[in-house]
Amino acid sequence: MIVPVEKFEQLVQKFAPQAKVLRAWTLTGGVSAQVTALEISLPDGQTQKMIVRQHGAIDLGLNPNIAEDEFKLLSILHSAGLPVPQPYFVDASGEIFATPCIVLEFIDGETDFAPTDLDDSLCQMADGLAQIHQMDVSQHDVSFLPTCNETISGRLKDRPAVMDDSVQETRIRQTLESTWRFTNMNPAGLLHGDFWVGNLLWKNGRLVSVIDWEDATLGDPLSDLANSRLEILWAFGADAMHTYTRHYQTAMPALDYANLPLWDLVAALRPIGKMDTWGLDADTIAAMRQRHGWFVNAAFKRLSVN
C-alpha cells in the first residue's frame, strides 16, 4: 500500500532537517500498531530505510506514554548491545499525527514460521530470550516499566461475566487466585512480554532482531518463558516446545523452575476470549484451542505431581 509522504517528511525533518522522503508503504502483520516503512534520501546522496510505528487505541488507552516509553527502552537496549532496532525519534506532540509515533531503524530481516533447521532456530530463540533476561536492569532507569505482577493481578481481577470453560477458564483462574503469591522465586528482570515467532526477524538463518517491545515489563523470567512456550507449541508442536525449554534452561541454569507450571497457567489465561478475534481461519483456531487444552492439562498434571 502506497502512503502519502508529506506528513512523514514533516516527521523525518524534525530529526533530519535536510532529508527527503522518497516513498512510504504500509507493512502488514501488526495488530497493535500501524507500521509504515519509509525510504529517505540523505544530503550526501545515500538512501536509508526507517520504520514509523503508531500505536493503536488499545495500547494508548493502557499507557498514553507508550511511544515515549518504548523509545526510552529501545535506547537502553540498543546501547547495551541487544538485537533490537535503533530508535531515532519519538513524536508525542500531536502536531503531525493524531497519535504518538516512534521512528526506528529498518532491520533487514523477516519473520520465519517455517525454519529450515528448526532445532537451530529454537536454540537461537532460547538464547535470545536468555540474553534479554540476563540484562542487568539495575544499571538503568527503567522505572517507567510496569511490573509483571501488576499486569497479571489486573488480569485476574478482570473476571468476565461468563467463563469459557471449554478452555478451563474457571479452573485456571481459581488455581491462580489461590496461589498467586508464588511469584518471587526468581530475581525480577526485564521481560519482553510478547516473545513469539512473529516478533523475531531472521536473515540467512540467524536471529537478527527482537521487535515490538510495547508489552515490556519487569518480573520473573519464567513469565516470558511460559508465554513463549505456548507460542512455540502453537507454531511448531510439543516436541519443539520441549526442545526450546531445554535450550533455555541450559542458558539460564540459575533460575528456579519449580513454578513453571503456574506460569504456564498464567500464559494460558492470556489468550482466553481473544483467539476468535485474531482473524484466523476456523481450522487454525480449532488447532490452537486443541493445543491450548493440551498445554493447560500438562500444567495441571505437573502441579498434581509436585
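Heads up: these notes are all about the structure in this document. (Residues numbered from 1 in each chain as written. Predicted model: local features only at pLDDT ≥ 70, side-chain atom pairs only at ≥ 80, totals over all residues. Heavy atoms only, no water.)

Details of the overall build of the protein
In plain terms, the rule: Here a strand is any run of E in DSSP of at least two residues, a helix any run of H or I of at least four, and the numbering for each starts at the N terminus. Throughout, radius of gyration means the C-alpha value; the globule benchmark is 2.2 Å times the number of residues raised to the power 0.38. Three labels apply to residues, based on accessible area from a 1.4 Å probe with only protein chains included: buried if under 20% of the type maximum, exposed if over 50%, partly exposed otherwise in between. Should any heavy atoms of two residues lie within 4.5 Å, those residues are counted as being in contact. The Shrake-Rupley method, run with a 1.4 Å probe, gives the accessible areas here. Residue values count only the displayed protein chains as cover. Charge assignment in this entry is limited to Lys and Arg as positive and Asp and Glu as negative, and neither His nor the chain termini are counted. A charged residue contributes its charge at one atom only: NZ of Lys, CZ of Arg, CG of Asp or CD of Glu.
Counting its regular elements, the protein contains 10 helices and 9 strands. Since a compact globule built from 306 residues should have a radius of gyration of about 19 Å, the 20 Å found for the protein is in line with a globular shape. In terms of overall dimensions, the protein has a C-alpha envelope of 65 × 45 × 40 Å along the principal axes. Out of the 306 residues in the protein, the part that is buried amounts to 48%. In the protein, the share of contacts with a sequence separation of at least 24, taken over all contacts with a separation of at least 6, comes to 67%. Carbon together with sulfur atoms contributes 52% to the accessible area of the protein, which is approximately 14,900 Å² in total. Within the protein, one finds 23 positive and 39 negative side-chain charges whose respective centroids are separated by 4 Å.

Concerning the packing of aromatic side chains
As a reminder of what qualifies: In summary, the pairing rule links any two rings of Phe, Tyr or Trp, Trp by its six-membered ring, whose centres are within 6.5 Å, and it sorts them by plane angle into stacked for under 30 degrees, edge-to-face for over 60 and tilted for everything else. The rule for a charge over a ring is simple: NZ of Lys or CZ of Arg within 6 Å of the ring centre, and within 35 degrees of the ring normal.
Within this structure, the stated rule accounts for 5 aromatic pairs. With a centroid separation of 5.3 Å and an interplanar angle of 25 degrees, the aromatic rings of Phe15 and Phe89 are classed as stacked. Residue Phe15 is located in the loop between helix H1 (6-12) and strand E1 (20-27), and its partner Phe89 is located in strand E4 (residues 87-91); the two are separated by 74 residues in the primary sequence. For Phe15, a relative accessible area of 25% gives the class partly exposed. Residue class for Phe89 comes out buried when judged on its relative accessible area of 19%. Ring geometry for Tyr248 against Tyr257: centres 6.4 Å apart, planes inclined by 90 degrees, an arrangement best described as edge-to-face. The aromatic ring of Trp25 is capped on one face by Arg23, whose charged end is 3.9 Å from the ring centroid. Taking the ring centre of Phe300 as reference, the NZ or CZ of Arg171 above it sits at 3.6 Å.

Re the pattern of salt bridges
Selection criterion: The working definition used for a salt bridge is a side-chain nitrogen of Lys or Arg within 4 Å of a carboxyl oxygen of Asp or Glu.
Summed over all chains, the structure comprises 15 salt bridges. With its nearest N and O atoms 2.6 Å apart, the salt bridge here joins Arg23 to Glu39. With a gap of 16 residues between them, Arg23 in strand E1 and Glu39 in strand E2 (residues 33-41) connect regions that are remote in the sequence. Overlapping salt bridges, with partners in common, bring together Arg53, Glu70, Asp212 and Glu214 in one network.

Digging into the nonpolar core
Threshold: The definition of a nonpolar core used throughout is a set of buried Ala, Val, Leu, Ile, Met, Phe, Trp, Tyr and Cys residues joined through side-chain atoms within 4.5 Å.
The biggest cluster of nonpolar side chains holds 72 residues, and the ones touching the most others in it are Met125, Ile172, Leu190, Trp213, Tyr244, Tyr248 and Trp263. Look past the residues within four positions of Ile172 in its chain and what remains in contact with it is Val167, Leu265, Ala268, Leu269, Ile272, Val296 and Phe300.

Observations regarding the sheet that holds strand E5 (residues 101-105)
Put simply, the rule is: A pair of strands is treated as paired once DSSP finds two or more bridges between them. To obtain an axis, a line is fitted to C-alpha atoms, over the contacting stretch when the element is a helix, and the angle between two such axes runs from 0 to 180 degrees between their N-to-C directions.
Spatially, the 5 strands line up as an open sheet ordered E1-E2-E3-E5-E4, and their pairing is antiparallel. Lying at the two open borders of the sheet, with one neighbouring strand each, are E1 and E4. Strand-to-strand twist of the sheet, defined as the mean angle between neighbouring strand axes without regard to direction, takes the value 25 degrees. The sheet contact formed by E2 and strand E3 (residues 47-55) spans 9 bridges and is antiparallel. For Thr36, the partnering residue across the bridge sits in E3 and is Val52.

Some remarks on the packing of helix H7 (residues 221-236) against helix H10 (residues 282-305)
Keep this limit in mind: Any angle from 65 to 115 degrees is called roughly perpendicular, while one under 35 is roughly parallel, one over 145 is roughly antiparallel, and all others are oblique. Each crossing gets its handedness from the near helix: less than a right angle anticlockwise from the far helix is left-handed, clockwise is right-handed. Three classes are used: nonpolar for Ala, Val, Leu, Ile, Met, Phe, Trp, Tyr, Cys and Pro, charged for Asp, Glu, Lys and Arg, and polar for all others, with Gly counted as polar.
Remark: H7 packs on H10, axes separated minimally by 9 Å, with the N-to-C direction vectors making an angle of 135 degrees. Between H7 and H10, the interaxial angle falls into the category oblique. At the point where H7 passes H10, the crossing takes the right-handed sense. Across from Ala226, Arg229, Leu230, Leu233, Trp234, Ala235 and Phe236 in H7, the residues of H10 making contact are Met288, Arg291, His292, Trp294, Phe295 and Arg302. Grouping the constituent residues of the contact of H7 with H10 by class yields 9 nonpolar, 1 polar and 3 charged.

With respect to the pairing of strand E7 (residues 200-203)
Note: E7 against strand E8 (residues 206-210), 4 bridges, orientation antiparallel. Looking at the pairing, Leu201 lines up with Ser209 of E8.

Considering H7
So the rule is basically this: What a helix is expected to span follows from its residue count: subtract one and scale by 1.5 Å. N or O atoms closer than or at 3.5 Å make up a polar contact, with two conditions inside protein: a donor-capable atom paired with an acceptor-capable one, and, for residues adjacent in sequence, both atoms drawn from side chains.
The first and last C-alpha atoms of H7 sit 22 Å apart over 16 residues, in line with the 22 Å expected at 1.5 Å per residue. Across the 16 residues that make up H7, a large majority, 15, are buried. A distance of 2.9 Å separates the backbone nitrogen of Leu222 from a side-chain oxygen at the start of H7, and that oxygen is part of Asp220. After H7 finishes, the residue Gly237 shows a positive phi value of roughly 105 degrees.

Looking at unusual backbone geometry
We note that Gln168 has phi near 60 degrees; this positive angle belongs to a residue other than glycine. Along the chain, Gln168 falls in the loop between helix H5 (148-157) and helix H6 (169-179). Take Gln168: its relative accessible area is 19%, and that puts it in the buried class. One non-glycine residue with positive phi stands out, namely Asp212, at about 60 degrees. When you line up the elements, Asp212 lands in the loop between E8 and strand E9 (217-219).

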